[in-house]
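Letter by letter, the chains look like this.
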There are 2 protein chains.
Amino acid sequence: MTDRHRYCVIMCGGIGSRFWPYSRTDRPKQFIDFFGTGRSLLQMSYDRILSVVPAENIIVVTNTVYAPLVREQLPDIDNSRILLEPARRNTAPCIAWAAHHIAALDPEASMIVTPSDHLITRDKEFETSILKGFEFVESHDALLTLGIRPTRPETGYGYIQIGREIGDGILKVKTFTEKPNRELAEVFLESGEFFWNSGIFLWKASAIKKALAEHAGDIYSIFEQGNGVYGTPAENDFIQANFPGCMGISIDFAVMEKASNVYVECVDFGWNDLGTWSALYDNSPRNRDGNVTQNCRVIAYNSHGNIFAVSGEKLIVAEGLENYIIADAGDVLLICPKSEEQRIKLMVNDAKEKYGDKYL
Amino acid sequence: MTDRHRYCVIMCGGIGSRFWPYSRTDRPKQFIDFFGTGRSLLQMSYDRILSVVPAENIIVVTNTVYAPLVREQLPDIDNSRILLEPARRNTAPCIAWAAHHIAALDPEASMIVTPSDHLITRDKEFETSILKGFEFVESHDALLTLGIRPTRPETGYGYIQIGREIGDGILKVKTFTEKPNRELAEVFLESGEFFWNSGIFLWKASAIKKALAEHAGDIYSIFEQGNGVYGTPAENDFIQANFPGCMGISIDFAVMEKASNVYVECVDFGWNDLGTWSALYDNSPRNRDGNVTQNCRVIAYNSHGNIFAVSGEKLIVAEGLENYIIADAGDVLLICPKSEEQRIKLMVNDAKEKYGDKYL
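Within every chain, residues take consecutive numbers counted from 1 along the sequence as written. Naming scheme: in the order in which they are written, chains are lettered from A and ligands are numbered from 1. Only residues with pLDDT of at least 70 get local features here, since the model is predicted, and only at 80 or more are side-chain atom pairs given and counted; chain-wide, interface and lining totals rely on the full set of residues. Neither water nor hydrogens contribute to the side-chain values; these are computed over all heavy atoms in the structure.

Undergrad: Give a description of unusual backbone geometry that names residues and reports values.
TA: With an omega dihedral of 0 degrees, the bond running from Trp20(A) to Pro21(A) counts as a cis peptide bond. Each helix corresponds to a stretch of at least 4 residues labelled H or I by DSSP, and each strand to a stretch of at least 2 residues labelled E; elements are numbered beginning at the N terminus. Mapped onto the elements of the fold, Pro21(A) is located in the loop between strand S1 (6-11) and helix H1 (41-49). A positive phi angle, near 60 degrees, is found at Asn323(A), a position not held by glycine. Positionally, Asn323(A) belongs in the loop between strand S15 (315-319) and strand S16 (324-328). Burial status follows relative accessibility: with a 1.4 Å probe on protein chains alone, a residue under 20% of its type maximum counts as buried, one over 50% as exposed, and anything between as partly exposed. The exposure class assigned to Asn323(A) is partly exposed, which follows from its relative accessible area of 40%. A positive phi angle is found at Asn90(B), which is not glycine, with a value near 65 degrees.

Below, the structure written as structure tokens:
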């Protein structure tokens, strides 16, 4: 039995450029059936949240251009619960809008905000953790973030330094840190005091509104002007006119790093942000040669440690490849060592410079 | 002014499996616009021969399955001049049929037999060489093969050892040799006595028929039974019934290595048999990184000595590849070091074993 005051905001407006060309601007990462299970990452996120929030309280925020994809993949979501951003402005404006929208529907609402493109492998643990988080934010004046106990000196994530424990597995946040270098990441891992920042948040709608008012006044005041339109047919026009005026900034930077009532719940539900090919490789089943074949047919010889990501029934025949990403998406093929994957964004830029939007 | 007794047989029934998957069974190498010039290798072969043989004397021999491709690519060739083999039987049966067919049309005919999938870069030299060859075989009881002076110790070709010169650039053949190993190829190159066997032949139709009768009696007698049908509507039925009964054997092995009246004309018209990816690489213009981009769009970083062969407007983005073949043909992608290209045939077999004919 889910609580009717509990809401969920699934953010799915990202373009997933780190997974180009497997992820394309017209079909980014969250809309892809990454593991060949028949469900996209967005659909898996939706399925997971159904056990903790009433279906009619699930709201999706995405970019206008992805509205058809969201409707296609989540046919159970009513159009009134798909919030369409007319511009990309990072997470703070997205969350500010969603909080105003939800608070208008239900002033007592509590809410979970979650990305749509992460991997979570233990659904039952997820459910337990989220229910605990809801109970905490409903009984405390708190902004809660979910922290993951690190298992390796990962340099691709932000970290949260924990303070005193104030409840079962819930601790005060001491600091948020940027992505560390390798040395620092090892210190973090050793110390036991640092957790990965998952980007999944829980709070009361009223609490995040209050925090935005205090720490992100520019954004907050834009959405305050809309009071009266949220949940009405006038909402869309208001957003079209005003959303693009928000600055693009993350909720971490705009609020979480500044607020004093920030807490972390330490969770362990098989999380990975799938932020990089290497992360995907690490989280995918490998064949005996250590190759990951993402959803495709591969015949490989003398090839190890590769990740093959190809759409459809295409056959890849590879000889003598070690630790490469091979990603094929119809009209683009990428072949790149895993160790060079941070350069993919530059490659996307070069492709854009040379051929315009054709291959993005 | 071309001589009306001169004929040409263009052989284009091969499946080009060494260039898989760029060359596929439904569109083998000879039908591909390999150099992005707008003309396939077959069309280039046809264009070249027009200057030495009357257009109406050009005959194409191919497999039945490729009839539509030949008609599409060579619309000027009348159906009566496309000989359709109902089975693959190597070059000796092909040539035996063509010789009987042509001899029936013109008992005085002389003919050039040429593959359709080689590269020849100097058309004017080609024309001069072929005219000289025709004159020789029309005035001598001779089987003439064209020999190419070797420029490197190539192990992929057969060699011809030359004997005494009996005319300007025309010599008696001492022996044909199989493909040599590297050491032997170097000896051949040093000696100046060995030429590459181009697989282009000239002779009178009557001379090759006589040689077949002497050295390949089994094949010869099959085609002798057809006397009276060649050039008539009954020819096709006769071939359907009898051609498959021929053994599959090359003209080199069946006749050239055995006959005593074999001569070689030493030619120099920029020939390459395009038998391997490396041969194609060696004969294609390279960009400043030493990459060959066969007809496709490539953005390459830290990549050298590769050959990218991709159909259509596909974009390839590559990082950190040295001396690879990257061949994409819609539903198959091959990535293989150039040094391992002799293994491609095995790969094709593996693909067949695993997925049937789908990717051949």
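Undergrad: Help me get a handle on the interface of chain B and chain A, residues and values and all.
TA: Taken together, the contact between chain B and chain A spans 36 residues of the former and 36 residues of the latter. By buried area we mean the combined loss of accessible area, with a 1.4 Å probe, across both parts when two parts are placed together. Around 3,000 Å² of area is buried between chain B and chain A when both sides are counted, 57% of it from carbon and sulfur atoms. When the buried area of chain B at its contact with chain A is split by residue, Glu319(B), Leu333(B) and Ile335(B) rank highest and sum to 21% of it. Note on definitions: salt bridges are taken to be side-chain nitrogens of Lys or Arg within 4 Å of carboxyl oxygens of Asp or Glu. One can count six salt bridges joining chain B with chain A. For Glu319(B), the salt bridge identified is with Arg343(A), shortest N-O distance 2.3 Å. Whenever a nitrogen or oxygen atom comes within 3.5 Å of another N or O atom, the pair is scored as a polar contact, on the condition that within protein one atom can donate a hydrogen and the other can accept it, and that pairs from neighbouring residues in sequence are kept only if both atoms are in side chains. In this assembly, chain B and chain A are joined by 26 residue pairs in polar contact (both at pLDDT 80 or more). We call two residues contacting when some pair of their heavy atoms lies within 4.5 Å.

Undergrad: Requested: an account of the side chain of Gln30(B), with residues and values cited.
TA: Tracing the chain through its elements places Gln30(B) in the loop between strand S1 (6-11) and helix H1 (41-49). Leaving out residues up to four positions away in the same chain, Gln30(B) has contacts with Cys12(B), Gly13(B), Gly14(B), Ser40(B), Leu41(B), Leu42(B), Gln73(B), Ser116(B) and Asp117(B).

Undergrad: Describe the relation of the copies chain B and chain A, with residues and values.
TA: The superposition of copies rests on a least-squares fit of C-alpha positions from residues with pLDDT of 70 or more in both. When chain B is fitted to chain A, the best match, at an RMSD of 0.1 Å, comes from turning it 179 degrees and sliding it 0.0 Å along the axis. On the angle and the small slide along the axis, the relation comes out as a two-fold axis. By C-alpha distance to the rotation axis, the residue of chain B lying nearest is Gly330(B), at 4.0 Å. Both copies share a contact surface, since 100% of the interface residues of chain B are interface residues in chain A too.

Undergrad: Tell me about the pattern of salt bridges, residues and numbers included.
TA: Any two side chains of opposite charge can pair, on the condition that their charged atoms come close. Here the structure, examined in full by the defined rule, presents 36 salt bridges over all chains. Ionic pairing is found between Asp141(A) and Lys210(A), a salt bridge with its closest N-O pair at 3.2 Å. Remark: Lys210(A) occurs in helix H6 (residues 205-215) and Asp141(A) occurs in the loop between helix H4 (123-139) and strand S6 (143-148); sequence separation between them is 69 residues. With relative accessibility at 44%, the residue Lys210(A) sits in the partly exposed group. In this structure, Arg182(B) and Glu186(B) form a salt bridge, with 3.2 Å as the shortest nitrogen-oxygen distance. Of this pair, Arg182(B) and Glu186(B) both sit in helix H5 (residues 182-191), four residues apart, which is roughly one turn of the helix. Assessed through its relative accessible area of 51%, Arg182(B) is described here as exposed. One continuous salt-bridge network, built from bridges that share partners, spans Lys314(A), Asp328(A), Lys314(B) and Asp328(B).

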